Amino acid sequence: MAGRTIELRAADGNRLSAYLASPPGKAKAALVIAHEVFGVSPHVKGLADDYAANGWLTIVPALWDRVARGVELGPTEEQRLKGVEIRKKVTWANILDDIAAARDEMRRRAKKVGIVGYCLGGDIAWAGACMQGFDAAVCYYGGAIAKLLHLTNACPVMLHNGTADPWIPPEDEAKIDAAAKPMMTIHKYPGIGHAFVNDTLPHRYHAETAKIARGRTLAFFDRHLAR
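Being a predicted model, the structure only gives us computed values, none of them experimental. (Residues numbered from 1 in each chain as written. Predicted model: local features only at pLDDT ≥ 70, side-chain atom pairs only at ≥ 80, totals over all residues. Heavy atoms only, no water.)

1. Considering the nonpolar core
Logical step 1: One finds W126 and Y140 to be the most contacted residues of the largest nonpolar core, which totals 80 residues.
Logical step 2: Residue contacts for W126: discarding those within four places in its chain leaves C139, I145, L148, L149, L151, N153, V157, K181 and M184. (Core = buried A, V, L, I, M, F, W, Y, C linked by side-chain atoms within 4.5 Å. Buried < 20%, exposed > 50% of the residue type's maximum accessible area, 1.4 Å probe, protein only. Contact = heavy atoms within 4.5 Å.)

2. So, the side chain of E36
Logical step 1: Looking at where E36 falls in the secondary structure, it is placed in the loop between β3 (29-34) and α1 (42-53).
Logical step 2: Look at E36: it is buried, it has no salt bridge, and the nearest opposite charge is R204 at 8.3 Å.
Logical step 3: In this structure the side chain of E36 is engaged in a polar contact, spanning 3.3 Å, whose partner is the side chain of N198.
Logical step 4: Leave out the neighbours within four places in its chain, and E36 touches H43, W64, Y118, C119, Y141 and N198. (Helix = DSSP H or I, 4+ residues; strand = E, 2+ residues; numbered from the N terminus. Lys, Arg positive; Asp, Glu negative; His and termini not counted. Salt bridge = Lys/Arg side-chain N within 4 Å of Asp/Glu carboxyl O. Polar contact = N/O pair within 3.5 Å; in protein donor to acceptor, adjacent residues only side chain to side chain.)

3. Focus: the sheet that holds strand β6 (residues 136-140)
Logical step 1: An order of β1-β2-β4-β3-β5-β6-β7-β8 is seen for the eight strands of this open sheet, with the pairing classed as mixed. Each edge of the sheet is formed by a strand with only one pairing partner; in this case those strands are β1 (4-9) and β8 (184-189). Strand after strand, the sheet turns through a mean of 20 degrees between neighbouring axes, direction not considered.
Logical step 2: Examined bridge by bridge, strand β7 (residues 157-162) and β8 share six bridges and lie parallel to one another. In the sheet register, H160 faces β8, and the bridge partner there is H187.
Logical step 3: Docked against the sheet, helix α6 (residues 207-225) engages β3, β4 (56-61), β5 (113-118), β6, β7 and β8, running at close to 165 degrees with respect to β6. (Pairing = 2+ DSSP bridges. Axes fitted to C-alpha atoms, helices over the stretch in contact; angles between N-to-C directions.)

Everything listed here is a matter of coordinates, which is why it stays silent on function.
As structure tokens, then:
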């Protein structure tokens with residue numbers, strides 16, 4: 001499938017691009033993807049296309065457009081560090097404003113809107129579940145969620161974490177487990193590290209775990225958004 005680029009406008013006036021992937025028929029509902037530090041990369045576009053192929057109208061807002069437009073970083077440590085430097089120049093409020101712009105665009109197109117995020121995007125998806133009026137949220141290996149537990153999710157949320165993820169150490173896992181937030185489902189994958197969904201990172205990608213998590217995510221969105 002091939003998506004297309006559209007423009008969004010945030011509440012503070014920022015204009016940003018977004019990758020929009022449409023399903024072949026009528027959409028079940030809509031999804032916002034919060035991307036990794038690599039920006040709107042070919043990998044995340046592929047994720048959007050896959051969700052669209054499964055019936056979801058899917059959008060990926062370009063959260064780095066405030067610093068540099070068209071950021072599509074590659075799967076190398078040098079490129080990751082470039083993404084980290086860009087991230088430092090974008091405030092959390094900026095990110096949430098741009099996510100809200102994507103949510104509002106999807107609200108105009110679908111009755112229900114979910115959010116799914118990966119790595120940094122997992123943290124953003126958690127904030128979206130707590131603060132931004134989404135109908136469901138899925139967070140993949142969000143390393144800062146343990147620091148955001150003062151927020152309480154207002155919609156059903158699913159977490160996917162590897163137990164060998166260096167960015168979610170055991171003490172943070174324990175904090176998340178102890179938080180006992182409502183409407184939260186946590187899936188832990190023994191011995192699995194960070195970024196296990198990203199097939200452009202062969203040292204991190206774990207195909208079997210990615211497949212299991214994908215199936216759980218699609219079923220979760222079917223249950224909470226498509227009915």
